[in-house]
Amino acid sequence: MDASERGHLLNRLADLVERDRLLLATLESLDAGKVFLMAYFVDLMATIKTLRYYSGWADKIHGKTIPVDGEYFTYTHHEPIGVCGQIIPWNFPVMMFAWKIAPALCSGNTVVIKPAEQTPLSALHMAALIKEAGFPPGVVNVVPGYGQTAGGAIAHHMDIDKVAFTGSTAVGKLIQKAAGDSNLKRVTLELGGKNPNIVFADCDLEYAVEQAHSGLFFNQGQCCLAGSRVFVEEPIYEEFVRRSVEKAESKVLGNPLLPGVDQGPQINQKQFDKIMELIESGKSEGATLECGGSAWGQQGLFIQPTIFSNVTDDMRIAREEIFGPVQQILCFRSIHEVIQRANATQYGLAAGVFTNDIDKALTVSSALQAGTVWVNCYNAMSVQCPFGGFKMSGNGRELGEYALQEYTEVKAVTIKISQKNS
């Protein structure tokens, strides 16, 4: 198949997703408890943009000619890796589906993709759309199942050439080990985060409060990018906490399919119990509970938007990824101090900096150990920009041109020639 035809098929798939956008957003809300409007305007928009972006890359992946020494002509060729196993999480099911398949397919690979066992519905509908778009049989294979069985089979399979995984750091370690124990398949991992969001006293305070709020509570807090450690400079600390509590207490919880609802339920009982256990640890370890801190309603897995102040770095809520609607607000006094504390974590996925001082912004963003740093914004994701982590937040990059490197092998070809002309 010509590369341009691969691009045409991805663009056709984007058309079909756009046609079925209402249905897919509804499936996401039913399956994952997502607020419908967020699924429709954020997740589905990102899915469509990702497919269209990589459709344009399909016939623009190429190598170079290299002026080597001697009577030789050398060029490189970027070839597809082969069969790519892809394992996606439950927090952004259809968006993660597109993030994974689009760069793989535009590079000429085939895909075996496993959706999370909690949220298989949108992936199954995407499989139907892929067939309708005209992709050849066997190019995309959707395999629902549990992690230990279906996911384990992908990670250990001797005929799968690469595996891409988004999920917890603990499972990422198992996948990397499985790759080493099998055929040394290439591995890219997008894992957990305990992301610092640093707010200096010279920032636009109301805007910083708003961004820190959405940066944590978006998608019920079930986001690897969540700015869960909010470091606020001492002169504005108390006012920042007060305004943050006001915003949290104004959130409307309920049926995520209804208009006017801001927050739906957590994904399942296991996650609900983990979040509640960590909230209790915050109370017992001496943090100040400013609001929330308990379940909401008589039924369903709802948790009140929760804010802790006077949090110290040694508390569990400041160290562990909660993956729920729980915001920790910490106080700092100097740039040097906050950089050290922000980096004192095993994770390195994302970070935020709020300041009106460009020198301070550049200094801190350069010092932070994170794959993405946002300055005076948070969660400002775009398909054109690479995304991935430092340290135990994973390896490799998704999105943008950088993602194509994860799905191609570079072959160098050297040909003996009789005479060089240059």
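No experiment lies behind these values; they were computed from the predicted model shown.

Caption draft 1: How the structure looks around the sheet that holds strand 9 (residues 229-233). In space, the seven strands of this open sheet follow the order 10-11-12-9-8-14-15, with mixed pairing throughout. Every interior strand has two partners, whereas the edge strands, strand 10 (288-291) and strand 15 (372-375), have only one. Strand-to-strand twist across the sheet, computed as the mean angle between neighbouring axes with direction ignored, equals 20°. Here strand 11 (residues 306-309) runs beside strand 12 (residues 326-332); their pairing, made up of three bridges, is parallel. For Phe308, the partnering residue across the bridge sits in strand 12 and is Gln328. This element, helix 8 (residues 205-217), spans strand 8 (196-199), strand 9, strand 11, strand 12 and strand 14 (350-354) of the sheet and lies at about 135° to strand 12.

Caption draft 2: Up close: the nonpolar core. The biggest cluster of nonpolar side chains holds 63 residues, and the ones touching the most others in it are Leu13, Val17, Leu51, Tyr54, Phe97, Ile101 and Phe135. Within the residue set of this core, elements represented by two or more residues are helix 1 (3-19), helix 2 (21-32), helix 3 (36-57), helix 4 (93-106), strand 4 (110-114), helix 5 (121-133), strand 5 (140-142) and helix 14 (402-405). Not counting the four nearest positions on each side in its chain, Leu13 is found in contact with Leu51, Ile101, Met126, Leu129, Ile130, Ala133 and Phe135. Counting 28 residues, the second-largest nonpolar core is a separate cluster that includes Met276, Leu278, Ile339 and Ala342.

Caption draft 3: Seen up close, the sheet that holds strand 7 (residues 186-190). The six strands are arranged 5-4-3-6-7-17 in an open sheet whose pairing can be described as mixed. This sheet does not close on itself; its edge strands, each paired only once, are strand 5 and strand 17 (394-395). Direction of pairing for strand 3 (residues 83-87) relative to strand 6 (residues 162-166): parallel, over a ladder of four bridges. From the neighbouring strand, Cys84 faces strand 6, where its bridge partner is Lys162. With respect to the sheet, helix 4 is in contact with strand 3, strand 4, strand 5 and strand 6, its orientation differing from that of strand 4 by roughly 165°.

Caption draft 4: View of the packing of helix 1 against helix 4. Helix 4 packs onto helix 1 with a crossing angle of 155° between their chain directions and a minimal axis gap of 9 Å. Considering their axes alone, helix 1 and helix 4 lie roughly antiparallel with respect to each other. The element helix 1 and its partner helix 4 pack so that their crossing is right-handed. Across the interface between the two elements, Arg6, Leu10 and Leu13 from helix 1 touch Ile101, Ala102, Leu105 and Cys106 from helix 4. Residue composition of the contact of helix 1 with helix 4, by class: six nonpolar, no polar and one charged.

Caption draft 5: Summary view of the packing of aromatic side chains. Applying the stated criterion across every chain, the model contains eleven aromatic pairs. Between Phe73 and Tyr75, the ring centres sit 6.0 Å apart and the planes meet at 40°, which makes this aromatic pair tilted. For Phe73, a relative accessible area of 38% translates into the label partly exposed. Ring centres of Phe200 and Phe332 lie 5.3 Å apart, and the angle between their planes is 85°; this geometry places the pair in the edge-to-face category. Of this pair, Phe200 sits in the loop between strand 8 and helix 8 while Phe332 sits in strand 12, placing them 132 residues apart in sequence.

Caption draft 6: Main features of the state of the cysteines. Following the criterion strictly, the structure yields zero disulfides and no others. Between Cys84, a cysteine without a disulfide, and Cys106, which holds the nearest cysteine sulfur, the sulfur-to-sulfur distance is 11 Å. Between Cys331, a cysteine without a disulfide, and Cys203, which holds the nearest cysteine sulfur, the sulfur-to-sulfur distance is 13 Å. Overall, Cys331 belongs to the partly exposed group, its relative accessible area being 22%.

Caption draft 7: Here's a closer look at a nonpolar patch on the surface. On the surface, Leu37, Met38, Phe41 and Val42 cluster together into a nonpolar patch covering about 340 Å² of accessible area. Tracing the backbone shows Leu37 in helix 3. Relative accessible area serves as the criterion here: at 39%, Leu37 is assigned to the partly exposed category.

Caption draft 8: Inspection of the side chain of Gln220 at higher detail. Along the chain, Gln220 turns up in the loop between helix 8 and strand 9. Overall, the relative accessible area of 2% leaves Gln220 in the buried class. Aside from chain neighbours lying at most four places away, what touches Gln220 is Gly33, Lys34, Val35, Gln263, Gly264, Pro265, Gln266, Gly324 and Pro325.

Caption draft 9: Expanded view of the environment of Gln419. Along the chain, Gln419 turns up in the segment after strand 18 (408-416). Between the alpha carbons of Gln419 and Phe73 there is a distance of 9.7 Å; along the sequence they are 346 residues apart.

Conventions used here
Residues numbered from 1 in each chain as written. Predicted model: local features only at pLDDT ≥ 70, side-chain atom pairs only at ≥ 80, totals over all residues. Heavy atoms only, no water. Pairing = 2+ DSSP bridges. Helix = DSSP H or I, 4+ residues; strand = E, 2+ residues; numbered from the N terminus. Axes fitted to C-alpha atoms, helices over the stretch in contact; angles between N-to-C directions. Contact = heavy atoms within 4.5 Å. Core = buried A, V, L, I, M, F, W, Y, C linked by side-chain atoms within 4.5 Å. Buried < 20%, exposed > 50% of the residue type's maximum accessible area, 1.4 Å probe, protein only. Parallel < 35°, antiparallel > 145°, perpendicular 65-115°, else oblique. Left-handed = near helix turned anticlockwise from the far one by under 90°. Nonpolar A, V, L, I, M, F, W, Y, C, P; charged D, E, K, R; others polar. Phe/Tyr/Trp six-rings, centres within 6.5 Å; stacked < 30°, edge-to-face > 60°. Disulfide = S-S within 2.5 Å. Patch = residues over 30% accessible without salt bridge, like charges linked within 9 Å, V, L, I, M, F, W, Y side chains within 5 Å. Areas by Shrake-Rupley, 256 points an atom, 1.4 Å probe, with all protein chains shown as cover. Salt bridge = Lys/Arg side-chain N within 4 Å of Asp/Glu carboxyl O.

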